[in-house]
There are 2 protein chains.
Amino acid sequence: MATIEDELERARAAQLEELSSFLRIQSISTLSSQQAEMRNAAAWLVDKLQRAGFKNAEVLETGGHPLVFASFHVGDDAPTILMYGHYDVQPVDPLELWTTPPFEPKIRDQKLYARGASDDKGPVFLHILALETLIRRGELRVNVKLCIEGEEECGSTNLPTFLEKNAERLRADVLLISDTTMVGPMQPGICYGLRGLCALQVDLKTANSDLHSGLYGGAVPNALHAMVELLASLHHPDGRVAVDGFYDEVVDLTMDERAALAELPHDDEAYRKALGLTALFGEAGYTTIERSTARPTLEINGLYGGFQGEGTKTVIPHEAHAKITCRLVNQQTPATIQEKVKKHLLEHAPIGATLTVTLQDTGNPYLGSFDAPAVELAKKSYEHAYGVQPYMTRMGGSIPIVEVFHRVLNIPVVLMGFSLMTENFHAPNEHFSLENFDRGIRALTHFYREAATALK
Amino acid sequence: MATIEDELERARAAQLEELSSFLRIQSISTLSSQQAEMRNAAAWLVDKLQRAGFKNAEVLETGGHPLVFASFHVGDDAPTILMYGHYDVQPVDPLELWTTPPFEPKIRDQKLYARGASDDKGPVFLHILALETLIRRGELRVNVKLCIEGEEECGSTNLPTFLEKNAERLRADVLLISDTTMVGPMQPGICYGLRGLCALQVDLKTANSDLHSGLYGGAVPNALHAMVELLASLHHPDGRVAVDGFYDEVVDLTMDERAALAELPHDDEAYRKALGLTALFGEAGYTTIERSTARPTLEINGLYGGFQGEGTKTVIPHEAHAKITCRLVNQQTPATIQEKVKKHLLEHAPIGATLTVTLQDTGNPYLGSFDAPAVELAKKSYEHAYGVQPYMTRMGGSIPIVEVFHRVLNIPVVLMGFSLMTENFHAPNEHFSLENFDRGIRALTHFYREAATALK
């Protein structure tokens, strides 16, 4: 019997051609004109999964774009791995900035160019190839379930309901996702934490109407004075958020975590220069990476009131408006933080200011295992394919669906990405590195093959 | 010989008809279509002044709309009174809100309705009538000069240059102006102080572009955080301006002035309710009237940065903008205050913020005599016509040309108004009270007649 390596090498051209046929389908989920293409992409996946050995592969309706579900059962005693990915892609405009058309995949400089190559059709296809290889060789000894949705690029609207309704069908021991980025080329990373989010709108009023600054200036409250005083009260001078109890639910980083984050390739000075900053700034006592990925924040995203035109208008504004979001970590719950921020704002309302605080969007933070068996297996799998230890990372942004999976299924999540930050996902000339195509299949083959033992 | 009273009563209908003919001229200075009407109004004045006894009455060119100048010389030993007014009027739109057409004067309820009736053709005409009466009776024993411009409603663009060039021709012992308002019906007021103004634009930058609050939040400066911290530093909690040296050139109110301002009809609670405020606010230690007329202020007139749309945008804004104006009093010079505010802003720039402070409009404050002989004469003249003592007032707004007159000619200015705040100047249905028409002529006749003695 040929080795897996031999098999993969021989099959490479055909695999790339097969991925290209998947990439040719214009499955843009946000465009209502692409309904048929969405169906085509789902059907393509079911057909491919069946050919790969999944007897149970089907299109499931969700109320929006359909979802592809497939399973391979080896035995009730074996561990079960659930894989999540998505087959929908971002719109392609501006089309004129693409060197080759977005739905005509082309290889240049060891990169496969096409919309969806990096996000997320390419990575999804790596899982299918790895599983196909193991099934053909009879080496798959874990149960596998695949859940590939078609609405990730338009907010995963129907997925939370689907997860809740199908929790039993999706039951597994670990969730594996390849929809994040590596730290850099040949620098794989396992992301074990994502920040949550909550938003508030602050509307402040001081008078019935704007007032003439000559006739009234000095005698009446100014909505903008009140607003800047109020907003300035939200932070201590050292960058810490001044809202009472804001950090109550934050579990501090462990020594191991801080050590792992400190190993990430990062240069404060280069980072500062690249962003055009005269100085970095944020919560005292934490590194740049810790502050931007593992610590909660409170940011003013927008602020407006009074005259914004050219020149001068001698007006005392009677209204001011601000938009605030917080990034949350660990056990912080968006609703609790919203209430604490609202309480702070109302308690600090300056003389003469009447506030309306409106609670808006929320998303839970996610913090997975830093050293669970599945994480250890992922590390070994990366090492097997790349010859280096992966970094352990936390991401400052939010992927709300990860927390929903985590909460509904109550299982560890392993975020094992093969894309690079530089691969223009969501932009013209999206591409996927063939180096990560090759090493990705090998890493995933290793993960699925060794899971039977490692996750016992 | 008939008494002045008899004369005025007999002439009243003719005087009102004469004023109406003046009001029919559509002298809107901001509309280039009204050039001919501007000339007509100036010619009308010259003709009227000549008929009133002014041998020297002429139209003078200014580079913009012409100015009417007239003089009546009784002797080199007599005091000279310079009167300033304007014959141009505001635009009339929205026309549909006028009960009767703006240039077809109509009397209703003892009010004369027409554009310009209150601002400033009506008051200017009172001076001419008073002087005509005294000349005819041989009772004018002061030299009189009249300077009636046509650009007040479009910024008096050419007047400062005219004043500087014609300082000798305009030389006088006192400047008398009727272009302010009374305190209320039957409540005349002499305004002896006007606030000055200076403006600044603050542009603040922290990064090359807006940044994703997930990826960068907590690690980099936020332009809005920097701006609110910066702007909050401009005031002490008790409402005083915190800019170093801001009050240096402010001479505090005298006991007499405070007593006079305290006599003005004012009710804090009614004022608060009318403006829809939950509280009054401003510099500690001063009354509402003192704060809004006799104390300097610093107001944020506009503030903007980041996302202003509906909903949430998780952005760290890299730019923030603010507009600031100060109202100035006494010896405060706009340029000095601008520099002090700029210095404060630059010195208080938060970490990571780069500021650009742009100096904008300026206008000097004016503080005239509280008790000069001309002011005493004005008080007696009001008392003669209205039977009550006038209030002594300061105005919170700015009339820059008053300070220019004061500076160029270096003479006391008496602001003796006959209009009411409620007379819709600059708005539809402008009107002038016939009560103030009658009493105004009597007050001015008294002023000009008694000036020979009072101003010796």
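In this text the structure is predicted, and so the values were computed from the model without any measurement.

Participant: Explain the interface of chain B and chain A residue by residue, including any values.
Facilitator: On the side of chain A, 71 residues touch chain B, which itself brings 71 residues to the contact. Between chain B and chain A, roughly 5,400 Å² of surface is buried when both sides are summed, and carbon and sulfur atoms account for 56% of that area. Where chain B packs against chain A, one counts 0 salt bridges. Our enumeration of links across chain B and chain A arrives at 40 residue pairs in polar contact (both at pLDDT 80 or more). When residues in the side of chain B that touches chain A are grouped by element, the largest group, 10 residues, is from strand E11 (residues 297-306) of chain B.

Participant: Got a sec to walk through the sheet that holds strand E18 (residues 431-433) of chain B? Specific residues and values, please.
Facilitator: Residues and elements named next belong to chain B. On the basis of which strands lie adjacent, the open sheet formed by 3 strands has the order E4-E5-E18 and antiparallel pairing. Edge positions in the sheet fall to strand E4 (106-108) and E18, since each has one partner strand and no second. Direction aside, the axes of adjacent strands within the sheet are offset by 25 degrees on average. In this sheet, E18 lies alongside strand E5 (residues 111-113) in antiparallel orientation, the contact comprising 3 bridges. In the sheet register, Leu-112 faces E18, and the bridge partner there is Phe-432.

Participant: I'd love a proper account of the packing of helix H3 (residues 121-137) of chain A against helix H13 (residues 434-454) of chain A, names of residues and values included.
Facilitator: All names here are of chain A. H13 packs onto H3 with a crossing angle of 50 degrees between their chain directions and a minimal axis gap of 8 Å. Between H3 and H13, the angle falls in the class oblique. The interaxial crossing formed by H3 with H13 has right-handed handedness. Each of Phe-125, Leu-126, His-127, Leu-129, Ala-130, Leu-131 and Leu-134 in H3 lies in contact with H13, whose residues at this interface are Asn-436, Phe-437, Gly-440, Ile-441, Leu-444, Thr-445, Tyr-448 and Arg-449.

Participant: Run through the sheet that holds strand E14 (residues 354-363) of chain A, naming residues and quoting values.
Facilitator: Within the open sheet, the 8 strands sit side by side as E14(A)-E9(A)-E13(A)-E11(A)-E11(B)-E13(B)-E9(B)-E14(B). Their pairing is antiparallel. Each edge of the open sheet carries a strand with a single partner, namely E14 of chain A together with strand E14 (354-363) of chain B. The mean angle between the axes of side-by-side strands here comes to 20 degrees, regardless of whether they run parallel or antiparallel. Direction of pairing for E11 of chain B relative to strand E13 (residues 319-328) of chain B: antiparallel, over a ladder of 7 bridges. Note on E13 of chain B: the bridge partner recorded for Tyr-304 of chain B is His-321 of chain B. Along the sheet, helix H10 (residues 334-347) of chain A contacts strand E9 (196-205), strand E11 (297-306), strand E13 (319-328) and E14 of chain A; its crossing angle with E14 of chain A, the most-contacted strand, is approximately 165 degrees. Relative to E11 of chain A, helix H6 (residues 223-232) of chain B is tilted by about 65 degrees, and along the sheet it contacts E11 of chain A together with strand E9 (196-205), E11, E13 and E14 of chain B.

Participant: Just give me the short version of the packing of aromatic side chains, but keep the residues and values in it.
Facilitator: Taken as a whole and judged by the stated rule, the model has 20 aromatic pairs over all chains. Seen from their ring centres, Phe-22 of chain A and Trp-44 of chain A are 4.5 Å apart, and the 5 degrees between their planes marks the pair as stacked. Placement of Phe-22 of chain A in helix H1 (residues 4-23) and of Trp-44 of chain A in helix H2 (residues 35-51) is noted, with a sequence separation of 22 residues between them. Comparing Phe-22 of chain A with Trp-44 of chain A, the two get one shared label, buried. Clustering of aromatic rings is evident, with ring pairs tying together Phe-22, Trp-44 and Phe-125 of chain A. The ring of Phe-22 of chain B carries the charged tip of Lys-121 of chain B above its face, separated from the ring centre by 5.1 Å.

Participant: Can you break down the UniProt feature "domain: Peptidase M20 dimerisation" (unreviewed entry) in chain A residue by residue, with the values?
Facilitator: Under the local residue numbering, the UniProt record ascribes the feature "domain: Peptidase M20 dimerisation" (unreviewed entry) to residues 193-350 of chain A. Along residues 193-350 of chain A, the helical share is 30% and the strand share 23%, with 38 Å between the first and last C-alpha atoms.

Participant: Any details on the environment of Glu-249 of chain B? Residues and values, ideally.
Facilitator: All names here are of chain B. If you trace the backbone, Glu-249 turns up in the loop between H6 and helix H7 (255-263). A relative accessible area of 23% means that Glu-249 is categorised as partly exposed. C-alpha separation for the pair Glu-249 and Val-329, spaced 80 residues apart in sequence, amounts to 8.4 Å. Contact partners of Glu-249, with chain neighbours within four places excluded, come to Asn-330, Gln-331, Gln-332, Thr-333, Thr-336 and Ile-337.

Participant: Outline the relation of the copies chain B and chain A, supporting the account with residue identities and numerical values.
Facilitator: Structural alignment of chain B on chain A gives an RMSD of 0.1 Å, achieved by rotating through 180 degrees and translating 0.0 Å along the axis. In short, the pair behaves as if placed about a two-fold rotation axis. An overlap of 100% is found between the interface residues of chain B and their copies at the interface of chain A, pointing to a shared contact surface.

Participant: Pulling in residues and values, what's your account of the side chain of Gln-201 of chain A?
Facilitator: Residues and elements named next belong to chain A. Summarising the element assignment, Gln-201 is placed in strand E9. Polar contacts involving the side chain of Gln-201 include one to the side chain of Asp-203, which spans 3.0 Å. Polar contacts involving the side chain of Gln-201 include one to the side chain of Lys-323, which spans 2.7 Å. The contact partners of Gln-201, leaving out residues within four places of it in the chain, are Tyr-304, His-321, Ala-322, Lys-323, Thr-356, Val-357, Thr-358 and Gln-360.

Participant: Which residues make up the pattern of salt bridges, and what are the values?
Facilitator: All names here are of chain A. A full pass over the atoms with the stated rule returns 54 salt bridges over all chains. As a salt-bridge pair, Arg-51 and Asp-47 come within 3.1 Å of each other at their nearest N and O atoms. Note that Arg-51 and Asp-47 are positioned in helix H2 at a spacing of 4 residues, about one turn of the helix. Owing to a relative accessible area of 47%, Arg-51 belongs among the partly exposed residues under this scheme. When its relative accessible area of 37% is taken as the criterion, Asp-47 is described as partly exposed. Residue Asp-252 is joined to Arg-295 by a salt bridge in which the shortest nitrogen-to-oxygen separation is 3.5 Å. Of this pair, Asp-252 sits in the loop between helix H6 (223-232) and helix H7 (255-263) while Arg-295 sits in the loop between helix H9 (288-293) and E11, placing them 43 residues apart in sequence. Counted as one network, the salt bridges with shared partners bring together Glu-7, Arg-136, Arg-137, Glu-139, Arg-449 and Glu-450.

Participant: Explain unusual backbone geometry residue by residue, including any values.
Facilitator: All names here are of chain A. For the bond from Asp-119 to Asp-120, the omega torsion is 5 degrees, close enough to zero to count as cis. Mapped onto the elements of the fold, Asp-120 is located in the loop between strand E5 (111-113) and H3. Its identity is not glycine, yet Asn-330 carries a phi of approximately 55 degrees, on the positive side. In this structure, Asn-330 sits in the loop between E13 and H10. Taking relative accessible area as the criterion, Asn-330 reaches 8% and is therefore assigned buried. One non-glycine residue, His-426, adopts positive backbone phi at about 70 degrees. Mapped onto the secondary structure, His-426 falls in the loop between strand E17 (413-416) and strand E18 (431-433). Owing to a relative accessible area of 44%, His-426 belongs among the partly exposed residues under this scheme.

Participant: Any details on the domain arrangement of chain A? Residues and values, ideally.
Facilitator: Residue and element names in this part refer to chain A. If you check the domain split of chain A, you get domain 1 (4-194 + 365-454) and domain 2 (196-250 + 296-363). Just the C-alpha atoms count here: the centres of domain 1 and domain 2 sit 41 Å apart. Taken together, the contacts link 7 residues of domain 1 with 9 residues of domain 2. Interface area for domain 1 against domain 2, summed over the two sides, is near 550 Å², with a carbon-plus-sulfur share of 51%. At the surface where domain 1 touches domain 2, the tally comes to 0 salt bridges. Applying the counting rule to domain 1 against domain 2 returns 2 residue pairs in polar contact (both at pLDDT 80 or more). Each residue belonging to the side of domain 1 that touches domain 2 can be placed in one class, and the counts come to 3 nonpolar, 3 polar and 1 charged.

Participant: Could you give an account of H13 of chain A, naming the residues involved and the relevant values?
Facilitator: All names here are of chain A. For H13, with 21 residues, the first-to-last C-alpha span of 28 Å sits near the 30 Å given by 1.5 Å per residue. At Tyr-448, H13 shows its largest kink, close to 25 degrees. Among the 21 residues of H13, 15 are classified as buried, and the element is accordingly described as predominantly covered. At the N-terminal end of H13, a side-chain oxygen is found 3.1 Å from the backbone nitrogen of Glu-435, two or three residues along, and the residue is Ser-433.

Analysis parameters
- Residues numbered from 1 in each chain as written.
- Chains lettered and ligands numbered in written order.
- Predicted model: local features only at pLDDT ≥ 70, side-chain atom pairs only at ≥ 80, totals over all residues.
- Heavy atoms only, no water.
- Contact = heavy atoms within 4.5 Å.
- Buried area = accessible area lost by both parts, 1.4 Å probe.
- Salt bridge = Lys/Arg side-chain N within 4 Å of Asp/Glu carboxyl O.
- Polar contact = N/O pair within 3.5 Å; in protein donor to acceptor, adjacent residues only side chain to side chain.
- Helix = DSSP H or I, 4+ residues; strand = E, 2+ residues; numbered from the N terminus.
- Pairing = 2+ DSSP bridges.
- Axes fitted to C-alpha atoms, helices over the stretch in contact; angles between N-to-C directions.
- Parallel < 35°, antiparallel > 145°, perpendicular 65-115°, else oblique.
- Left-handed = near helix turned anticlockwise from the far one by under 90°.
- Phe/Tyr/Trp six-rings, centres within 6.5 Å; stacked < 30°, edge-to-face > 60°.
- Buried < 20%, exposed > 50% of the residue type's maximum accessible area, 1.4 Å probe, protein only.
- Lys NZ or Arg CZ within 6 Å of the ring centre and 35° of its normal.
- UniProt positions renumbered as here; feature names shortened; annotations may be inferred.
- Least-squares fit on C-alpha atoms with pLDDT ≥ 70 in both.
- Domains from an automatic or database assignment.
- Nonpolar A, V, L, I, M, F, W, Y, C, P; charged D, E, K, R; others polar.
- Expected span 1.5 Å × (residues − 1).
- Bend = angle between axes of the 7 residues up to and from the residue.

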